[in-house]
Amino acid sequence: MRKYYLILVITLLAFWNITGCATLFAPPTPTPSPTYTPTDTPLPTDTPQPTDTPTPLPTETPTTEPTPTLPPLPKPPTNTPKPEDAILVFYYNLDEKGPYGCGEALYYINTGVKKSPNVEDDISYALRTILNFHNPYFGSLYNPGYASTLAIGYVEVDKSGNALINLTGKYVHTDDYCDGPRFRDQIKRTVLQFPGIFTVKILINGTPIGNVIKQK
């Protein structure tokens, strides 16, 4: 019996070899997978965020203050005489020490009128220029008789060079005690500018000026 089975097994093996059925136990031939060629896919790039464009600040246009311009000074006439030849009038520089008034300086102003041979007329012209000016200041120069209303009564000059001046009208005292001495010296200095004058006597309505200008 054992022999019988052995013969049967051998017979079956031979049959399988002949029929090629052994392929039934052969491992299946692997089907090749499709070839995968990797492509270079670029990495995602960082999309730059929009940068904040700074808004320009408004440009401040510098404002320039207008430069103050002084009006042009009037040009003196081309025939204006030199000071030594002209009729001058005098006013005070209160900021400068001098021998007049209350220890102050007198400055002259050129009237532009040339001195004439008639001294009395020239004195009258100079004094009228001062007496008819009723502002306290001529530029930066002080006019001490600005408050008074005086006029020329007469002007006399003798052969010895003594001048007698009589003023008429009203002398007005101001709150400044020094305005009296200032006015007296202003008139006197104006008269003494003329050649040949050595002494000056001033009256107001026939009264010596020293008595009139005293403060009450």
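Here is what the cut-offs are and how they apply
Residues numbered from 1 in each chain as written. Predicted model: local features only at pLDDT ≥ 70, side-chain atom pairs only at ≥ 80, totals over all residues. Heavy atoms only, no water. Disulfide = S-S within 2.5 Å. Helix = DSSP H or I, 4+ residues; strand = E, 2+ residues; numbered from the N terminus. Buried < 20%, exposed > 50% of the residue type's maximum accessible area, 1.4 Å probe, protein only. Core = buried A, V, L, I, M, F, W, Y, C linked by side-chain atoms within 4.5 Å. Contact = heavy atoms within 4.5 Å. Expected span 1.5 Å × (residues − 1). Polar contact = N/O pair within 3.5 Å; in protein donor to acceptor, adjacent residues only side chain to side chain. Phe/Tyr/Trp six-rings, centres within 6.5 Å; stacked < 30°, edge-to-face > 60°. Pairing = 2+ DSSP bridges. Axes fitted to C-alpha atoms, helices over the stretch in contact; angles between N-to-C directions.

Participant: Now, about the state of the cysteines: what can you tell me, with residues and values included?
Facilitator: Cysteine pairs can be covalently joined through their sulfur atoms, and such a bond is termed a disulfide. Scanning all chains against the criterion turns up one disulfide. Paired by a disulfide, Cys102 and Cys178 hold their sulfur atoms 2.0 Å apart. Note on the Cys102 and Cys178 pair: the S-S dihedral is about -105 degrees, so by sign convention the disulfide is left-handed. Separated by 76 residues along the polypeptide, Cys102 in the loop between strand E1 (86-100) and strand E2 (104-114) and Cys178 in the loop between strand E6 (162-170) and helix H3 (179-192) bring together distant segments of the chain. Given the relative accessible area of 36%, Cys102 is considered partly exposed. You can call Cys178 buried: its relative accessible area is 15%.

Participant: I'd like a description of the nonpolar core, backed by residues and values.
Facilitator: In this structure, Ile123, Ile165, Leu167, Phe183, Val191 and Ile204 are the most contacted members of the largest nonpolar core, which totals 27 residues. At the level of secondary structure, the elements contributing two or more residues to this core comprise E1, helix H2 (119-131), strand E5 (149-157), E6, H3, strand E7 (199-204) and helix H4 (209-212). For this core, the leading source of residues is H2, giving five residues. Excluding residues within four positions of it along the chain, Val191 makes contact with Ile123, Leu127, Ala163, Ile165, Ile197 and Val200.

Participant: Which residues make up H2, and what values go with them?
Facilitator: For H2, built from 13 residues, the straight-helix expectation of 18 Å at 1.5 Å per residue is met to within 8% by its first-to-last C-alpha distance of 18 Å. Along H2, the residues that are buried comprise Asp122, Ile123, Ser124, Ala126, Leu127, Ile130 and Leu131. Taken together, the buried residues of H2 touch E1, E5, E6 and H3. Capping the start of H2, Asn118 holds a side-chain oxygen 3.3 Å from the backbone nitrogen of Glu120, two or three residues further along.

Participant: Let's hear about the packing of aromatic side chains: which residues, and what values?
Facilitator: If you walk through the whole model with that rule in mind, you get seven aromatic pairs. Consider the rings of Phe90 and Tyr108, whose centres lie 6.4 Å apart with planes at 70 degrees: the pair is edge-to-face. Remark: Tyr108 occurs in strand E2 and Phe90 occurs in strand E1; sequence separation between them is 18 residues. Judged by relative accessible area, Phe90 falls into the buried class, the value being 4%. For Tyr108, a relative accessible area of 43% corresponds to the partly exposed category. Summarising the aromatic geometry, the rings of Phe133 and Phe138 are spaced 5.5 Å apart at their centres and angled 70 degrees between planes, so their arrangement reads as edge-to-face. A residue is classified by how much of its surface remains accessible, and Phe133, at 18% relative accessible area, is buried. Ring pairs connect the aromatic residues Tyr91, Phe133 and Phe138, which therefore count as one cluster.

Participant: Please set out the side chain of Thr174 residue by residue, giving values where relevant.
Facilitator: Topologically, Thr174 is positioned in the loop between E6 and H3. A polar side-chain atom of Thr174 sits 2.6 Å from a polar atom in the side chain of Asp179.

Participant: Residue-level account of the sheet that holds E5, with values.
Facilitator: The sheet built from four strands is open, its strands ordered E5-E6-E7-E8 with mixed pairing. One side of each edge strand has no neighbouring strand; the edge strands of this open sheet are E5 and strand E8 (207-208). The sheet contact formed by E5 and E6 spans eight bridges and is antiparallel. Bridged to Leu150 within E6 is Gly169. Most of the contacts of H2 go to E5, to which it runs at about 165 degrees, and overall it touches E5 and E6. Running at roughly 135 degrees to E7, H3 makes contact with E5, E6 and E7 of the sheet.

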